[in-house]
Number of protein chains: 2
Amino acid sequence: MIEHLMETLISSQNVFDGRMIRLCVDTVRLPDGKETTREVVKHPGAVAIIAETEAGGLLLVTQYRYPVRLVSLELPAGKLDRDESLESAAFRELLEETGYRAQQLTKVMDFYSTPGFSDEIMHLYIARGLTFDKMQPDEDEFIDCREYTRDEVTALVRAGQIKDAKTLIGVYHWLYGDI
Amino acid sequence: MIEHLMETLISSQNVFDGRMIRLCVDTVRLPDGKETTREVVKHPGAVAIIAETEAGGLLLVTQYRYPVRLVSLELPAGKLDRDESLESAAFRELLEETGYRAQQLTKVMDFYSTPGFSDEIMHLYIARGLTFDKMQPDEDEFIDCREYTRDEVTALVRAGQIKDAKTLIGVYHWLYGDI
């Protein structure tokens, strides 16, 4: 049923091996038998957390996103460490970026950030039962964290102040629940 | 107010120049004065279209996404051509991928797909007043298009069959309107 859409690998060339990403250029066979190349940014995958406080607010972090030259308001999130479970990563990133420990983590869904050129998968969790400990950002991370009410989050989206795809998905889910 | 979060460019190295993306590794100064590197995937930007038919359905396209090895159900979308306006790109991509011409295109919002490592910006439009002409996919694009009812779209999201971030945002907007 879907075979007429599929592409198959002929050869792969590793172009770059970095701290966060790798880049491959693969030669593939198209459904019509022709060849083309596909540029693929390899990413270890990531977690993002809808962190709801006891008061019913949402924790969002502010950080400078160098690629877009923007101070961005986002869900706490981060990439998976090697051999780390998804839940451990979600617990760890929440603690590092917000200072809060979660008693309960529930998977909401997962999705691909930009499947046209990257394999990055984002695992979205909702965290509840939060207790504050202290922020523990990575050495090259500079992050502010604050709690926002539903009205504040709504106003921020309407004002175009939330520009990050995973955060828009998380906010929609937080405000409206499961589709 | 945000200066304590900002990073400034020291030097930029162009690592790869491809058909769809470029890759730079920039050395930057962190807020604390230290240096680090940032890997940045440069992308021309893209448009995605919430295409609502006269019958009140949503047009979604099915295509193989090689980076994630998945036949993916998505909003019609595509990257900007050089010197093309956003509206022209939205009109063109809708026609190419679905075969429909739009009488009315309205900007919904824009967002960054994955601002941690790429500058890709996605401009989301809603298209109405659709009339069918014929599909005109690019030479290396193999795409199916179909119309889905609200109930079908809802069921697809619940079943985890929609895995693409921009499409989830578009579907939330289509089902629930502006936040």
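Residues numbered from 1 in each chain as written. Chains lettered and ligands numbered in written order. Predicted model: local features only at pLDDT ≥ 70, side-chain atom pairs only at ≥ 80, totals over all residues. Heavy atoms only, no water.

Counting its regular elements, chain A contains 3 helices and 10 strands. Sequence-ordered secondary structure for chain A, helices as α and strands as β, is β-β-β-β-β-β-β-α-β-β-β-α-α. Its C-alpha atoms give chain A principal-axis dimensions of roughly 60 × 35 × 30 Å. Here chain A holds 179 residues, and 56% of them are scored as buried. A separation of at least 24 residues holds for 55% of the contacts in chain A among residues at least 6 apart in sequence. Summed over all atoms, the accessible surface of chain A reaches about 7,800 Å², with 47% contributed by carbon and sulfur. Treating the 20 positive side-chain charges of chain A as one cloud and the 31 negative ones as another, the clouds have centres 3 Å apart. (Helix = DSSP H or I, 4+ residues; strand = E, 2+ residues; numbered from the N terminus. Buried < 20%, exposed > 50% of the residue type's maximum accessible area, 1.4 Å probe, protein only. Contact = heavy atoms within 4.5 Å. Areas by Shrake-Rupley, 256 points an atom, 1.4 Å probe, with all protein chains shown as cover. Lys, Arg positive; Asp, Glu negative; His and termini not counted. Charge placed at Lys NZ, Arg CZ, Asp CG, Glu CD.)

All names here are of chain B. Where helix 2 (residues 150-158) contacts helix 3 (residues 165-176), the axes come no closer than 11 Å and their chain directions differ by 140°. Accordingly, the angle class assigned to the pair helix 2 and helix 3 is oblique. In terms of crossing hand, the pair formed by helix 2 and helix 3 is left-handed. Within the contact between the two elements, helix 2 uses Arg150, Val153, Thr154 and Val157 and helix 3 uses Leu168, Val171, Trp174 and Leu175. By residue class, the composition of the contact of helix 2 with helix 3 is 6 nonpolar, 1 polar and 1 charged. (Axes fitted to C-alpha atoms, helices over the stretch in contact; angles between N-to-C directions. Parallel < 35°, antiparallel > 145°, perpendicular 65-115°, else oblique. Left-handed = near helix turned anticlockwise from the far one by under 90°. Nonpolar A, V, L, I, M, F, W, Y, C, P; charged D, E, K, R; others polar.)

Residue and element names in this part refer to chain A. On inspection of all chains with the given rule, the structure shows 30 salt bridges over all chains. Salt-bridge contacts for Arg150 lead to Glu52; the nearest nitrogen and oxygen are separated by 3.9 Å. Here the residue Arg150 occupies a position in helix 2 (residues 150-158), and Glu52 occupies one in the loop between strand 4 (46-51) and strand 5 (58-65), the gap between them amounting to 98 residues. One network of salt bridges, in which partners are shared, links Asp81, Glu84, Arg92, Glu93 and Glu96. (Salt bridge = Lys/Arg side-chain N within 4 Å of Asp/Glu carboxyl O.)

This part is about the domain arrangement of chain A. Note on interface size: it is often stated as the accessible area lost on association of the parts. All names here are of chain A. As far as domains go, chain A holds domain 1 (3-42) and domain 2 (46-176). The C-alpha-based centres of domain 1 and domain 2 are spaced at 30 Å. Buried surface at the junction of domain 1 and domain 2, summed over both partners, amounts to about 430 Å²; 44% is from carbon and sulfur atoms. Together, Arg19, Met20 and Val41 form the three largest contributors to the area buried by domain 1 at its contact with domain 2, with a combined 66%. Remark: the boundary between domain 1 and domain 2 carries 0 salt bridges. (Domains from an automatic or database assignment. Buried area = accessible area lost by both parts, 1.4 Å probe.)

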